[in-house]
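Remarks on the overall topology
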Amino acid sequence: MTKSLAEKPLLESIIEQKLKPFVKKIDTEAYYARDYLLELGKEGFFRSEGKTETEYLLKEMKLVEETAKVCMTTAFCLWCHLAGLTYIRNTNNSTIKNRLLPLFENGELLAATGLSNPMKYYAGLEKLHLCAEETDGGYILSGVLPAVSNLEESHWFGTIASVSESKRVMFLVPCNAKGLKLKEKAGFLGVNGSATYACQFDQVFIPNEYVLAENADEFVELIRPKFILYQIPLGIGIMKASTDSIHKVKSRQNGCNQFLPTQASDIEETIHQIEEKLEQLLKKESFHWKEIAKIRLETAYSTLEATQASMLHNASAGYLQGCDPSRRLREAYFFANLTPTIKHLEKVLSN
C-alpha cells in the first residue's frame, strides 16, 4: 500500500492543517472533523474514474491508515464515507450512479453506512430493525437504527429494510428526509467525535430513484468484502502509531522497557504479516469475504495487543487523561466492537 511521492506531501499537508490541531478536541469534546473529510474529496482522494477497483481500493485503504495513525475516530468517519461510496459505486441504479456519485467523490457530499444492524441480521445475530412498504413511486420506511455514524443534515447513508419474509431492499437515505429524526449519541468511552445518531424512521418515503438494490441479499454479497476490507487499515494505523510511541520511550528509566514481553519489533512483524496477507489476497482474481474476515479478526486482536503494549511502555505517562497512548487504547476497543465485532467474526468464521 505504497503512496506515490506526488500525493504524499498533499495528504500530509491536509492532515497537518485539517486534522492534527483538532485531535484532542475530537477526543474530549466530540468535535466532528467534517472539514478534513470534505477537503480530501475536494483534493481528489475519493475519485475512482480512470482507476481499476484494486487501484482505488489500495489508495483509499492507505488513506484510512494514514488518518488512523493520527486519529482513529476521524479514520472511522472516513471508513463510513468509503462504505457509503462502495454502495453507490456498485449499484445498478443509474440515477444514483450518474447524478450523486460525482458529488460524493468530489467533496460536495458525505456518505455513511447504516448497515450495522443488517450485517448482524445476515450473521444471524439480530432481526432487521427497519421495515418497508411498497407504495406508488417508492417505499415507506419505519423503524429505528440505534446508531449510524458520520451523519449531518446534508449527509446520506445506505441501509436495508424488510419488505416481506422473502424480500429485503437496500436504500440510499438523505438525512433531511421528511419523517426521519436524528438523535445524537455521545457518552462513549471514545470516538464521540464520530457524529453518531440514532435514526428514527416515521413513515419516511424513499423514492425508487434512491433504491440501491431491489435484492439486498444479493447486493450484500457484492459489497461485504469491501465493507470489511476498508476497516483493516483502521487497526494497522493504530498499530503503527503504537510502535512509534514505543520507540519514543525506549531509553526512559535506563532502558528498562527492553524487559517487557512485547516490543515494537514484534508489533512491526505482525503488521508486516497482515499487510502481506492483504497483498496476496488482493492479487487473487476472486476470493470469499470470509478470507478478508479472517484478516480483519487478526487485526482486531493485534490492535488490542499493540495498544496495551504501548500503555505498558509509556507507564504512568500513558495513564494521563487525553494522552495519545490511552486514546489509542480506547480507539482499539472501539475497533474490536465495530461491526463486524470480534464476537461477530468469531461466530461467522466458526462455521
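Residues numbered from 1 in each chain as written. Predicted model: local features only at pLDDT ≥ 70, side-chain atom pairs only at ≥ 80, totals over all residues. Heavy atoms only, no water.

On to unusual backbone geometry. A cis geometry characterises the amide bond from Thr-339 onward to Pro-340, with omega recorded as 0°. Inspection of the secondary structure puts Pro-340 in the loop between α13 (324-336) and α14 (342-350). Look at Ala-195: it is not a glycine, yet its phi comes out positive at around 50°. Along the chain, Ala-195 turns up in the loop between β6 (180-184) and β7 (197-207). In the Ramachandran plot, Asn-254 falls in the positive-phi region, its phi being about 60° despite a non-glycine side chain. Tracing the chain through its elements places Asn-254 in helix α10 (residues 252-255). Taking relative accessible area as the criterion, Asn-254 reaches 81% and is therefore assigned exposed. (Helix = DSSP H or I, 4+ residues; strand = E, 2+ residues; numbered from the N terminus. Buried < 20%, exposed > 50% of the residue type's maximum accessible area, 1.4 Å probe, protein only.)

Bringing the pairing of strand β4 (residues 156-164) into the picture now. Pairing between strand β1 (residues 111-113) and β4: three bridges, direction parallel. Bridge pairing links Ala-112 to Phe-157 in β4. Between the end of β4 and the start of strand β5 (residues 167-174), which pair antiparallel, lie two residues. (Pairing = 2+ DSSP bridges.)

This structure, assessed with the given rule, holds 22 salt bridges. The closest approach of N and O atoms between Glu-16 and Lys-20, which form a salt bridge, is 2.8 Å. For Glu-16, a relative accessible area of 44% puts it in the partly exposed group. For Lys-20, a relative accessible area of 41% translates into the label partly exposed. (Salt bridge = Lys/Arg side-chain N within 4 Å of Asp/Glu carboxyl O.)

Quick look at the state of the cysteines now. Going through the model one piece at a time under the given rule, you end up with zero disulfides. Here Cys-131 stays unpaired: no disulfide links it, and the sulfur of Cys-199, its closest cysteine neighbor, is 15 Å away. Cys-131 sits in the partly exposed class, given a relative accessible area of 42%. Here Cys-323 is not cross-linked by a disulfide; its sulfur's nearest cysteine counterpart is in Cys-71, at 15 Å. (Disulfide = S-S within 2.5 Å.)

When pLDDT is averaged along the protein chain, the result is 95; 98% of the residues meet or exceed 70. For the stretch residues 2-6, pLDDT sits under 50, and the model shows four contacts to residues farther than four places along the chain or on other chains. (pLDDT = per-residue confidence, 0-100. Contact = heavy atoms within 4.5 Å.)

Let us look at the packing of aromatic side chains. According to the stated counting rule, one finds nine aromatic pairs in the structure shown. Here the aromatic rings of Tyr-121 and Tyr-122 are separated by 5.0 Å at their centres, their planes lie at 75°, and the arrangement is edge-to-face. Aromatic rings pair up to connect Phe-76, Trp-79, Phe-227 and Phe-334 into one cluster. A cation sits over an aromatic face here: Arg-224 above Trp-289, 4.0 Å from the ring centre. (Phe/Tyr/Trp six-rings, centres within 6.5 Å; stacked < 30°, edge-to-face > 60°. Lys NZ or Arg CZ within 6 Å of the ring centre and 35° of its normal.)

Here we take up the environment of Thr-28. Topologically, Thr-28 is positioned in helix α2 (residues 23-29). Residue classification places Thr-28 among the exposed residues on the basis of a relative accessible area of 54%. Separated by 50 residues in the primary sequence, Thr-28 and Leu-78 place their C-alpha atoms 19 Å from one another. Reaching out from Thr-28, the side chain makes a polar contact with the backbone oxygen of Lys-24 at a distance of 2.7 Å. (Polar contact = N/O pair within 3.5 Å; in protein donor to acceptor, adjacent residues only side chain to side chain.)

So, on to the environment of Gln-253. Relative to the helices and strands, Gln-253 is located in helix α10. Separated by 144 residues in sequence, Gln-253 and Leu-109 place their C-alpha atoms 50 Å apart.

Attention now moves to helix α11 (residues 264-283). Its 20 residues place the ends of α11 29 Å apart at the C-alpha level, agreeing with the 28 Å of an ideal helix rising 1.5 Å per residue. Among the residues making up α11, those that are buried are Ala-264, Ile-267, Ile-271, Ile-274, Leu-278, Leu-281 and Leu-282. Projection of α11 onto a plane perpendicular to its axis shows the buried side chains occupying an angular sector of 120°, all on one side. Looking at the buried positions of α11, the neighbouring elements they touch are α4 (53-70), α8 (216-229), α9 (232-248) and α12 (289-314). (Expected span 1.5 Å × (residues − 1). Arc of directions from axis to C-beta.)

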